[in-house]
Amino acid sequence: MTDKSLPFDRDQLEAIAAQVPTPFHIYDEGAMRANARAFYEAFSWVPGGFKNFFAVKALPNPFVMEALKEEGLGGDCSSMGELVLCEAVGIKGEDIVFTSNDTPAYEYRKAAELGAIINLDDIRHITYLEEALGGTLPELLSFRYNPGPLKAGNAIIGKPEEAKYGFTREQLFEGYRMAQAKGVKRFGLHTMVASNELNPDYFVETAQMLFDLVVELNRELGITFEMLNLGGGIGIPYRPEDTAVDLKLVGEKIREAYEATIVANGLGPIKITMECGRMITGPYGYLVGRVLHRKSTYKEYIGLDACMANLMRPGMYGSYHHVSVPGREDAPKLVCDVTGSLCENNDKFAIDREIPTPEVGDLVVIHDSGAHGHSMGFNYNAKLRSAEVLWQGGDQWKVIRRAETLADHFATLDYPGLSG
Ligand SMILES: *Cc1c(COP(=O)(O)O)cnc(C)c1O
């Protein structure tokens with residue numbers, strides 16, 4: 001079970017909304033930092049050190065990335081824009097992991113220029129990278145492993161053998177052999193087999209799988225691995241009945257596996273890394289909108305000034321996001337669909353959901369928008385992307401991204417009456 005009460009009340013939100021028109025996303029900085037610390041604490045035992053590379057795509061805002069950097073997090077990038085964001089924030093060198101797929105050469109060049117850890121998605125990219133970098137490979141290289149039928153998948157990524165990512169087991173052995181022959185000196189191993197997974201055992205099994213592989217690869221090829229990357233994918237309790245992953249427990253169980261496999265085989269110390277995004281910021285973000293209309297036809301509808309362009313997870317994956325109506329906690333309940341204004345019937349934040357009956361003009365809060373929320377936004381129907389606010393407790397907050405204007409939206413069109 002997870003407590004879905006809000007860290008701020010209606011008056012606090014109305015005070016912000018008086019200056020930042022709804023809709024906007026608001027992020028609780030203190031809670032994000034506390035969570036990052038607890039995560040590191042759970043892995044403080046790792047003899048080679050622990051690091052989480054924050055998956056930039058979850059919340060690509062430099063103000064948030066800066067706070068996370070202060071907590072010791074690096075950046076996990078998979079595109080030019082994400083690399084440039086890290087560079088701007090001062091995340092560099094091996095504090096960046098570049099885990100892309102179907103990657104263009106110029107992105108590899110940028111990653112290499114920043115000194116990022118390059119994590120290849122495919123065996124053919126060994127020579128592609130070599131050519132992109134003018135005939136040399138980086139000293140350190142990591143490969144993404146896709147265990148295929150050897151591991152069961154989960155809902156968002158799907159079955160590993162259907163997923164486009166990573167090397168097969170055979171390719172992994174061949175790839176490391178090739179890299180050794182081409183002069184690579186330092187090695188990493190990566191996998192990411194789940195997304196939004198709440199079962200703690202899943203991460204322990206993933207770690208065990210990589211530990212076993214490290215032992216085998218060491219035996220077969222004599223490679224001493226420097227770092228393992230267990231990927232991201234730690235889920236968050238979107239529903240009140242969900243329970244957050246017990247990080248302490250996961251850390252403890254991974255420690256047992258590490259000792260029984262890595263230490264027992266005389267290997268290590270190995271740095272353990274992850275690249276979680278959702279679990280770092282997701283629960284600490286809220287999409288705040290206002291009720292524009294109530295509609296009563298075959299169903300009851302509560303229409304907001306926010307829409308799927310601000311948060312597409314419910315429309316795209318059918319995801320649950322909790323809905324609160326601050327200040328109406330004691331109002332009679334209403335079963336309704338909470339909708340946006342797109343000409344798209346899946347533009348619904350909630351379907352047949354029981355919420356306290358809101359009045360037109362009330363603020364409505366959609367929970368857990370802190371990861372894969374604003375960043376997945378889009379401009380369909382010429383809807384504008386919203387502002388982002390960083391809340392620092394009490395009446396302390398700042399706008400960390402202003403809302404788009406129509407001028408921003410039309411900026412790439414050279415057409416009379418639209419551009420500047
Ligand atoms: C998306 C992604 C992540 C982050 O996933 P979360 O579910 O946000 O933790 C990490 N690594 C890779 C390679 C990804 O594609």
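In this text the structure is predicted, and so the values were computed from the model without any measurement.

A. The packing of aromatic side chains, seen in detail. One pass over the structure, following the stated rule, counts 17 aromatic pairs. Between the aromatic rings of Phe-8 and Trp-391, the centroid separation amounts to 5.0 Å while the plane-to-plane angle is 75°, which identifies the pairing as edge-to-face. Here Phe-8, found in the segment before helix H1 (10-17), pairs with Trp-391, found in strand S16 (residues 387-391); they are 383 residues apart in sequence, far enough to count as distant. In this structure Phe-8 comes out as buried when scored by relative accessible area, which is 5%. A relative accessible area of 7% means that Trp-391 is categorised as buried. A centroid spacing of 5.3 Å and a plane angle of 75° characterise the contact between Phe-39 and Phe-50, whose relative ring orientation is edge-to-face. Of this pair, Phe-39 sits in helix H2 (residues 29-42) while Phe-50 sits in strand S2 (residues 50-55), and the two are 11 residues apart along the sequence. Like Phe-50, Phe-39 is buried. Here a set of aromatic residues connected by ring pairs shows up, and it is made of Phe-39, Tyr-40, Phe-43, Trp-45, Phe-50, Phe-211 and Tyr-258.

B. Seen up close, the sheet that holds strand S9 (residues 271-274). If you walk around this closed barrel you meet the 8 strands as S2-S3-S4-S5-S6-S7-S8-S9, and the pairing is parallel. When strand polarity is set aside, the average angle formed by the axes of neighbouring strands in this sheet is 25°. In the sheet, strand S8 (residues 225-229) pairs with S9 via 3 bridges, with the strands oriented parallel. Within the sheet, the bridge partner assigned to Met-227 lies in S9 and is Lys-271. Against the sheet, helix H5 (residues 105-113) makes contact with strand S4 (96-99) and strand S5 (117-120), and its axis sits at roughly 145° relative to S5, the strand it touches most.

C. Representation of the site of the ligand. Among the 14 residues in the neighbourhood of the ligand, the closest are listed as Lys-57, Gly-233, Glu-275, Arg-278 and His-372. Interatomic distance of 2.8 Å between a backbone N/O atom of Gly-233 and an oxygen atom of the ligand. Contacts to the ligand include Arg-278, whose backbone N or O atom sits 2.7 Å from an oxygen atom. When isolated, the ligand has an accessible area of 380 Å², and the protein chains bury 90% of it. The residue makeup of the shell around the ligand, split by class, is 3 nonpolar, 6 polar and 5 charged.

D. Representation of helix H3 (residues 62-70) within the structure. Within H3, the full set of buried residues consists of Val-64, Met-65, Ala-67 and Leu-68. The arc enclosing the buried residues of H3, seen along the axis, measures out at 160°, which places them on a common side. Measuring from the backbone nitrogen of Phe-63 back to the side-chain oxygen at the start of H3 gives 2.9 Å, which picks out Asn-61 as the cap. The positive-phi residue at the C-terminal boundary of H3 is Gly-72, with phi of around 95°.

E. Representation of the environment of Asp-102 within the structure. Relative to the helices and strands, Asp-102 is located in the loop between S4 and H5. The spacing of Asp-102 and Phe-53 is 49 residues in sequence and 21 Å in space, taken between C-alpha atoms.

F. Focus on the domain arrangement of the protein. Domain annotation of the protein identifies domain 1 (10-25 + 283-410) and domain 2 (43-276). Centre-to-centre separation of domain 1 and domain 2, based on C-alpha positions: 34 Å. When the two sides are added together, the surface that domain 1 and domain 2 hide from each other amounts to roughly 1,400 Å², 61% of it contributed by carbon and sulfur. Broken down residue by residue, the surface that domain 1 buries against domain 2 is led by Tyr-320, His-372 and Ile-400, which jointly contribute 35%. Where domain 1 touches domain 2, the interface holds 7 residue pairs in polar contact (both at pLDDT 80 or more).

G. Geometry of the side chain of Asp-337. Mapped onto the fold, Asp-337 is located in strand S13 (residues 333-339). A distance of 3.0 Å separates the side chain of Asp-337 from the side chain of Lys-348, its partner in a polar contact. Residues contacting Asp-337, with those up to four places away along its chain left out, are Lys-299, Glu-300, Tyr-301, Ile-302, Lys-348, Ala-350, Ile-351 and Asp-352.

H. Here's a closer look at the nonpolar core. Counting 88 residues, the largest nonpolar core has Phe-39, Tyr-176, Leu-189 and Ile-254 as the members making the most contacts within it. Here this core gets 12 residues from one element, more than from any other, and that element is helix H8 (residues 200-221). Split by domain, this core shows at least three residues from each of two domains, domain 1 (10-25 + 283-410) and domain 2 (43-276). Residues Leu-287, Ile-302, Ala-306 and Phe-349 belong to the second largest nonpolar core, which totals 16 residues.

I. Expanded view of the pattern of salt bridges. A full pass over the atoms with the stated rule returns 25 salt bridges. Between Glu-94 and Arg-186 there is a salt bridge, with the nearest N and O atoms lying 2.9 Å from each other. Of this pair, Glu-94 sits in the loop between helix H4 (80-89) and S4 while Arg-186 sits in strand S7 (residues 186-191), and the two are 92 residues apart along the sequence. Arg-255 serves as the salt-bridge partner of Glu-259, at 3.5 Å between the closest nitrogen and oxygen. Taken together, the residues Glu-259 and Arg-255, both in helix H9 (residues 247-263) and 4 residues apart, mark about one turn of the helix. Relative accessible area serves as the criterion here: at 41%, Glu-259 is assigned to the partly exposed category. Overall, the relative accessible area of 30% leaves Arg-255 in the partly exposed class. Within the structure, one salt-bridge network assembled from shared partners comprises Glu-29, Arg-33, Arg-37, Glu-70 and Glu-71.

Cut-offs and rules
Residues numbered from 1 in each chain as written. Predicted model: local features only at pLDDT ≥ 70, side-chain atom pairs only at ≥ 80, totals over all residues. Heavy atoms only, no water. Phe/Tyr/Trp six-rings, centres within 6.5 Å; stacked < 30°, edge-to-face > 60°. Helix = DSSP H or I, 4+ residues; strand = E, 2+ residues; numbered from the N terminus. Buried < 20%, exposed > 50% of the residue type's maximum accessible area, 1.4 Å probe, protein only. Pairing = 2+ DSSP bridges. Axes fitted to C-alpha atoms, helices over the stretch in contact; angles between N-to-C directions. Contact = heavy atoms within 4.5 Å. Near = heavy atom within 4 Å. Polar contact = N/O pair within 3.5 Å; in protein donor to acceptor, adjacent residues only side chain to side chain. Areas by Shrake-Rupley, 256 points an atom, 1.4 Å probe, with all protein chains shown as cover. Nonpolar A, V, L, I, M, F, W, Y, C, P; charged D, E, K, R; others polar. Arc of directions from axis to C-beta. Domains from an automatic or database assignment. Buried area = accessible area lost by both parts, 1.4 Å probe. Core = buried A, V, L, I, M, F, W, Y, C linked by side-chain atoms within 4.5 Å. Salt bridge = Lys/Arg side-chain N within 4 Å of Asp/Glu carboxyl O.

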